[in-house]
Amino acid sequence: MTDSALKHSQLVMPADLSETRQLGPWLAQLLPNNNDLQEKLELALHELCVNVIEHAIKGPGSIQINATVDNQTVVIETFDSGDPVDLDNIKEPNPDEPQVRGYGLMIIKQLVDSFTYQRLEGTNKWAMSASIRPTNSINSH
Amino acid sequence: MNIETFAKSDQQSDVSITGRLDALEAPELRKVLEGLLSNGSRQFIIDLTNVDFVDSAGLAALVKTMKDARSLGGDVALVKPLNKNAMRVFELTRFDKVFEMLDANPSKPQQIDSPKIGNQ
């Protein structure tokens, strides 16, 4: 892979729900020839940013979003200085017991190939990656 | 998002939504649906034909209404969005199996009694 095949983009988004409307157009610029992946990543990134705004930042702040695209993979990382997330305390919804909220992370996991969280010196880092292959399918983890 | 509601009878309301049904818009939809429930509506047909994006917060507004309506002896049926992107959240959460999902039928004549709420 040559360096010219790599594409980088960054979006710094105020922690406000109305700002999530930027995500679709930003991803459309990043992945202009892959509408299906673009739509899946918009939903995944939208769910993540709404969670960060509502449950981690909970007030003024911002989310830094970095994307790297090569010929095969798109990697998106978000950084915020909100409250740390305790993944052990987040229960996965039970499909047999429909509940009103709590589906965000479950949705994201099914839309991307990998999805990770790290707490780094006061910063939350989430990372998701997805294959750019046209046959990219929804995976459950 | 645009929401229109039509009273079909004392207990039945049709609700038509267009645009994005996301975390930003869900509180408004919830307010409208809670108003209909408190006015006596129990059976809802919510038309999502022209909705182009649904997130988990938008889904939550629909699920809350379904749970409230069912607890009062009613129910909520959804007309499927034409846009597959808007349908995705129902499939990923399996709520496409929990709600009664009706196929969109653009050629079907709409029976409209009287618009009660028009909301931008």
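Scroll up to find the structure this text is about.
Residues numbered from 1 in each chain as written. Chains lettered and ligands numbered in written order. Predicted model: local features only at pLDDT ≥ 70, side-chain atom pairs only at ≥ 80, totals over all residues. Heavy atoms only, no water.

A.B. asks: Give me the overall build of chain A: which residues, what numbers.
C.D. replies: Within chain A one finds three helices and five strands. Traced from its N-terminal end to its C-terminal end, chain A shows the element sequence β-α-α-β-β-α-β-β. A compact globule built from 141 residues would reach a C-alpha radius of gyration of about 14 Å, and chain A, at 15 Å, matches this within 12%. In terms of its C-alpha atoms, chain A occupies a principal-axis envelope of roughly 40 × 35 × 25 Å. Evaluated residue by residue, chain A yields a buried proportion of 45% over its 141 residues. Sequence-distant contacts in chain A: of pairs separated by 6 or more residues, those separated by 24 or more amount to 64%. Counting only carbon and sulfur atoms, one obtains 47% of the accessible surface of chain A, whose full area is about 7300 Å². The averaged location of the 19 negative side-chain charges in chain A is 1 Å from the averaged location of its 10 positive side-chain charges. (Helix = DSSP H or I, 4+ residues; strand = E, 2+ residues; numbered from the N terminus. Rg over C-alpha atoms; globule rule 2.2 N^0.38 Å. Buried < 20%, exposed > 50% of the residue type's maximum accessible area, 1.4 Å probe, protein only. Contact = heavy atoms within 4.5 Å. Areas by Shrake-Rupley, 256 points an atom, 1.4 Å probe, with all protein chains shown as cover. Lys, Arg positive; Asp, Glu negative; His and termini not counted. Charge placed at Lys NZ, Arg CZ, Asp CG, Glu CD.)

A.B. asks: Give a detailed account of the packing of helix α2 (residues 35–57) of chain A against helix α3 (residues 84–93) of chain B, specifying residues and quantitative values.
C.D. replies: In contact at an axis separation of 11 Å, α2 of chain A and α3 of chain B are set at 55° when each is read in the N-to-C sense. Between α2 of chain A and α3 of chain B, the angle is such that the two are oblique. Remark: the crossing between α2 of chain A and α3 of chain B carries right-handed chirality. Contact residues: Asp 36, Glu 39, Lys 40 and Leu 43 of chain A in α2 of chain A; Lys 84, Asn 85, Arg 88 and Leu 92 of chain B in α3 of chain B. (Axes fitted to C-alpha atoms, helices over the stretch in contact; angles between N-to-C directions. Parallel < 35°, antiparallel > 145°, perpendicular 65-115°, else oblique. Left-handed = near helix turned anticlockwise from the far one by under 90°.)

A.B. asks: Which residues make up the packing of aromatic side chains, and what values do they have?
C.D. replies: Each aromatic ring pair is described using two quantities: the centre-to-centre distance and the angle formed by the ring planes. According to the stated counting rule, one finds five aromatic pairs over all chains in the structure shown. Relative to Phe 95 of chain B, the ring of Tyr 103 of chain A lies with its centre 5.3 Å away and its plane at 75°, an arrangement referred to as edge-to-face. Taken together, the residues Tyr 103 of chain A in the loop between β3 (73–80) and α3 (104–111) and Phe 95 of chain B in the loop between α3 and β5 (100–102) connect one chain to another. With respect to burial, Tyr 103 of chain A and Phe 95 of chain B carry one shared label: buried. Ring geometry for Phe 95 of chain B and Phe 99 of chain B: centres 6.0 Å apart, planes at 50°, overall tilted. As far as the burial class goes, Phe 95 of chain B and Phe 99 of chain B line up, both buried. A cation over a ring is seen here: Arg 20 of chain B above Phe 53 of chain B, with NZ or CZ 4.0 Å from the ring centre. (Phe/Tyr/Trp six-rings, centres within 6.5 Å; stacked < 30°, edge-to-face > 60°. Lys NZ or Arg CZ within 6 Å of the ring centre and 35° of its normal.)

A.B. asks: Got a sec to walk through the interface of chain A and chain B? Specific residues and values, please.
C.D. replies: In many analyses, interface size is given as the accessible surface area lost on bringing the parts together. Taken residue by residue, the interface counts 23 residues in chain A and 23 residues in chain B. The contact between chain A and chain B buries some 2200 Å² in all, and 61% of this surface belongs to carbon and sulfur atoms. The interface formed by chain A and chain B contains six salt bridges. In this structure, Arg 21 of chain A engages Glu 25 of chain B in a salt bridge whose closest nitrogen and oxygen atoms are separated by 3.3 Å. On inspection of chain A and its partner chain B, the count reaches nine residue pairs in polar contact (both at pLDDT 80 or more). When contributions to the side of chain A that touches chain B are tallied by element, the ones reaching two or more residues are α2 and α3 of chain A. With eight residues, the top contributor of residues to the side of chain A that touches chain B is α2 of chain A. Split into classes, the residues belonging to the side of chain A that touches chain B amount to eleven nonpolar, five polar and seven charged. (Buried area = accessible area lost by both parts, 1.4 Å probe. Salt bridge = Lys/Arg side-chain N within 4 Å of Asp/Glu carboxyl O. Polar contact = N/O pair within 3.5 Å; in protein donor to acceptor, adjacent residues only side chain to side chain. Nonpolar A, V, L, I, M, F, W, Y, C, P; charged D, E, K, R; others polar.)

A.B. asks: So, the side chain of Gln 38 of chain A: which residues are in play, and what are the values?
C.D. replies: All names here are of chain A. Topologically, Gln 38 is positioned in helix α2. The class for Gln 38 is buried, based on a relative accessible area of 13%. When near neighbours in sequence (up to four residues on either side) are disregarded, Gln 38 contacts Leu 27, Ala 28 and Leu 31.

Any link to function would need more than the numbers given here.
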